[in-house]
Amino acid sequence: MSLANGRPYLAIPGPSVIPDRVLRAMHQGSPNIYEGPLIDMVASLYPDLRAVAGTSGHVAMYIGNGHSAWEAANANLFNRGDKALVLAVGQFGLSWANSARAMGIEVEVLDFGKSAPADMTRVEDALRADSGHRIKAVLTTHVDTASTIKTDIPSLRAAMDAAGHPALLAVDCIASLGCDEFRMDDWGVDVMVAACQKGLMTPPGMAFVWFSEAARLRSGKSDLATPYWAWGPRAEPEEFWHIWDGTAPTSHLYGLREALDMIREEGLPNVWRRHHVLASAVWAAFDCWSAGNPAIGMNVSDPAHRGWSVTAARFGAPHATRLRDWCEKQAGVTLGIGLGMAPSTDPAYHGFLRVAHMGHVNAHMTLGALAVMEAGLHALDIPHGEGALAAAAQVVAKGAP
Ligand SMILES: *Cc1c(COP(=O)(O)O)cnc(C)c1O
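Residues numbered from 1 in each chain as written. Predicted model: local features only at pLDDT ≥ 70, side-chain atom pairs only at ≥ 80, totals over all residues. Heavy atoms only, no water.

Draft legend 1. Seen up close, the overall build of the protein. Across its full length, the protein carries 13 helices and 12 strands. Taken over C-alpha atoms, the radius of gyration comes to 21 Å for the protein, in line with the 21 Å a tight globule of 401 residues would show. Projecting the C-alpha coordinates of the protein onto the three principal axes gives extents of approximately 60 × 55 × 40 Å. A separation of at least 24 residues holds for 72% of the contacts in the protein among residues at least 6 apart in sequence. Carbon and sulfur atoms provide 55% of the accessible area of the protein, an area that totals close to 15700 Å². Here the protein carries 31 positive and 40 negative side-chain charges, and the mean point of each set is 2 Å from the other. (Helix = DSSP H or I, 4+ residues; strand = E, 2+ residues; numbered from the N terminus. Rg over C-alpha atoms; globule rule 2.2 N^0.38 Å. Contact = heavy atoms within 4.5 Å. Areas by Shrake-Rupley, 256 points an atom, 1.4 Å probe, with all protein chains shown as cover. Lys, Arg positive; Asp, Glu negative; His and termini not counted. Charge placed at Lys NZ, Arg CZ, Asp CG, Glu CD.)

Draft legend 2. Here's a closer look at the packing of helix H5 (residues 120–129) against helix H6 (residues 153–163). Running from N to C, H5 and H6 point in directions that differ by 30°, and their axes come no closer than 9 Å. Every pair of crossing elements has a handedness; the one defined by H5 and H6 is right-handed. Taken together, the residues of H6 that come into contact with H5 (itself represented by Met120, Val123, Glu124, Leu127 and Arg128) are Ser155, Leu156, Ala159, Met160, Ala162 and Ala163. (Axes fitted to C-alpha atoms, helices over the stretch in contact; angles between N-to-C directions. Left-handed = near helix turned anticlockwise from the far one by under 90°.)

Draft legend 3. Structural view of the packing of aromatic side chains. In the structure shown here, the tally under the stated rule is 10 aromatic pairs. Both rings, one in Tyr228 and one in Trp229, keep their centres 5.1 Å apart while their planes meet at 85°; by these two values the pair is edge-to-face. Relative accessible area serves as the criterion here: at 28%, Tyr228 is assigned to the partly exposed category. For the ring pair Phe286 and Trp289, a centre distance of 5.1 Å and an interplane angle of 85° mean the geometry is edge-to-face. Remark: Trp289 and Phe286 occur in helix H10 (residues 268–291); sequence separation between them is 3 residues, near one turn of the helix. (Phe/Tyr/Trp six-rings, centres within 6.5 Å; stacked < 30°, edge-to-face > 60°. Buried < 20%, exposed > 50% of the residue type's maximum accessible area, 1.4 Å probe, protein only.)

Draft legend 4. Representation of the domain arrangement of the protein. Annotation of the protein at the domain level lists domain 1 (9–16 + 267–398) and domain 2 (31–265). Centre-to-centre separation of domain 1 and domain 2, based on C-alpha positions: 28 Å. Of the residues lining the interface, 27 residues belong to domain 1; the matching set on domain 2 comes to 30 residues. Together domain 1 and domain 2 conceal approximately 2400 Å² of surface at their shared face, both sides included; 60% is due to carbon and sulfur atoms. Run the count over domain 1 and domain 2 and you get 0 salt bridges. Across the contact surface, domain 1 and domain 2 share 15 residue pairs in polar contact (both at pLDDT 80 or more). Elements supplying a minimum of two residues to the side of domain 1 that touches domain 2: H10 and strand E10 (310–314). With 4 residues, H10 is the single largest residue contributor to the side of domain 1 that touches domain 2. By residue class, the composition of the side of domain 1 that touches domain 2 is 13 nonpolar, 12 polar and 2 charged. (Domains from an automatic or database assignment. Buried area = accessible area lost by both parts, 1.4 Å probe. Salt bridge = Lys/Arg side-chain N within 4 Å of Asp/Glu carboxyl O. Polar contact = N/O pair within 3.5 Å; in protein donor to acceptor, adjacent residues only side chain to side chain. Nonpolar A, V, L, I, M, F, W, Y, C, P; charged D, E, K, R; others polar.)

Draft legend 5. How the structure looks around the side chain of Thr148. Examined against the element boundaries, Thr148 turns out to sit in the loop between strand E5 (135–141) and H6. Note on Thr148: relative accessible area 2%, which makes it buried. Among the polar contacts listed, one links the side chain of Thr148 to the backbone nitrogen of Ala312, at a separation of 3.1 Å. If sequence neighbours within four positions are ignored, Thr148 has contacts with Val143, Val300, His305, Arg306, Gly307, Val310, Thr311 and Ala312.

Draft legend 6. Quick look at the environment of Met184. Inspection of the secondary structure puts Met184 in the loop between strand E6 (168–172) and strand E7 (191–195). Ignoring anything within four residues of it in the chain, the contact list for Met184 reads Ala53, Gly54, Thr55, Val189, Asp190, Val191, Met192, Trp210, Phe211 and Ser212.

Draft legend 7. Highlighting helix H12 (residues 363–379). Counted at 1.5 Å a residue, the expected span for H12 with its 17 residues is 24 Å, and the 24 Å between its end C-alpha atoms agrees. Taken together, the buried positions of H12 are Met365, Thr366, Ala369, Leu370, Val372, Met373, Glu374, Gly376 and Leu377. Buried-residue contacts for H12 involve strand E1 (9–11), H10, helix H11 (319–331), strand E11 (333–337), strand E12 (352–356) and helix H13 (388–398). In the segment just after H12, Asp381 is the residue with positive phi, at about 55°. (Expected span 1.5 Å × (residues − 1).)

Draft legend 8. Representation of the site of the ligand in the model. Neighbouring the ligand are the residues Asn65, Gly66, His67, Trp70, Phe92, Val143, Thr145, Asp172, Ile174, Ala175, Gln197 and Lys198. Contacts to the ligand include Gln197, whose side-chain N or O atom sits 2.7 Å from an oxygen atom. Across the complex, the protein chains shield 89% of the 380 Å² of accessible surface that the ligand would expose by itself. When residues of the shell around the ligand are assigned to their parent elements, the largest contribution, 3 residues, is made by helix H3 (residues 66–77). Looking at the shell around the ligand residue by residue, the classes come out as 5 nonpolar, 5 polar and 2 charged. (Near = heavy atom within 4 Å.)

Draft legend 9. Spotlight on the pairing of strand E3 (residues 83–88). With 6 of its 6 residues buried, E3 lies for the most part within the structure. One crossover worth recording links E3 to the parallel strand E4 (residues 106–111) by way of helix H4 (residues 91–102), and it is right-handed. In this structure, E3 lies alongside E5, joined through 5 bridges in parallel fashion. Bridged to Val86 within E5 is Leu139. (Right-handed = clockwise from strand over helix to strand, strands pointing away. Pairing = 2+ DSSP bridges.)

Shown next, in the form of structure tokens:
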């Protein structure tokens with residue numbers, strides 16, 4: 001018998017849960033896109049988009065997903081034949097590198113594997129070796145959603161400065177914006193990309209590129225920036241339609257306005273803290289489960305290197321897939337597949353999953369998901385250590401990581 005009827009919980013790392021407030025805000029007919037309230041509402045988005053990124057710089061909006069945000073950044077940062085240095089700690093860093101390569105950019109990848117953080121001395125060495133300054137930008141994920149490794153952006157900036165290299169720093173915050181602490185200006189980030197369907201709690205369809213004045217001055221020369229991808233007219237439009245190089249994504253904009261209101265009402269530091277506490281509850285549960293079965297464990301051993309919005313874990317094949325199926329069919333909780341750990345045709349693939357704690361999530365949702373996982377471990381006879389739910393509840397009771 002299934003106990004899944006009731007409100008389902010999609011606990012995958014994007015798209016995330018859409019708040020009812022956002023859904024209601026989107027439910028409107030088409031507005032006039034030439035004059036009237038929409039124009040003022042869009043103007044009101046900019047201060048909040050800057051605030052959530054921690055920047056006083058420029059913002060370009062696109063109709064697109066995260067992959068489009070990568071291409072937007074590539075198109076404005078590089079000329080054909082320029083070089084990019086990419087730090088990869090999982091599938092998403094490698095995919096950004098692929099998108100750059102496909103656009104005719106020469107790419108040097110520093111691949112740190114799938115479960116260790118980036119080694120900044122290797123970055124510094126690679127930049128020092130580039131004495132002709134062919135590398136125009138360093139690209140990295142803040143949180144790689146596949147491995148769930150968080151990259152220490154201030155340390156990366158320090159390594160770039162130590163090398164005395166003029167490359168710009170571009171960071172993918174698609175999985176972390178509005179979840180994990182990020183301070184674009186304070187951390188010396190020149191370009192940051194995100195999409196709306198993760199921490200920004202809006203259905204997939206909008207992408208954003210924030211860029212510094214230094215990046216803007218550099219980008220004037222890019223021969224990859226076609227009219228659609230050029231960030232200049234979008235960030236400093238002479239006409240309203242320049243913001244999207246065409247028709248505005250009207251429903252998404254209403255949703256985004258509401259989501260940014262929700263973030264502002266809660267307070268960005270509180271949003272970060274909520275994610276950190278809920279992540280810590282998940283980690284406490286895993287520590288207990290794995291104590292009774294070494295096949296169970298989190299992908300990232302040091303909590304300092306774990307993202308606050310999603311946790312990648314292993315259960316030993318085929319138990320991760322069995323557990324995901326059970327949680328969805330018997331209890332209405334959908335967990336994320338493991339990504340980039342093993343090909344989907346490899347039996348090892350069925351040993352990995354991810355638990356999202358991203359965006360519009362609160363204590364009862366995270367504790368509920370963990371309790372469902374615990375029930376699934378029992379129902380499926382997967383050996384595991386005891387005390388996971390009590391440990392998670394204690395983190396929530398303490399209200400601190
Ligand atoms: C989700 C995600 C992407 C890809 O976004 P899409 O909307 O699926 O194209 C890229 N980078 C990171 C870090 C992500 O989490």
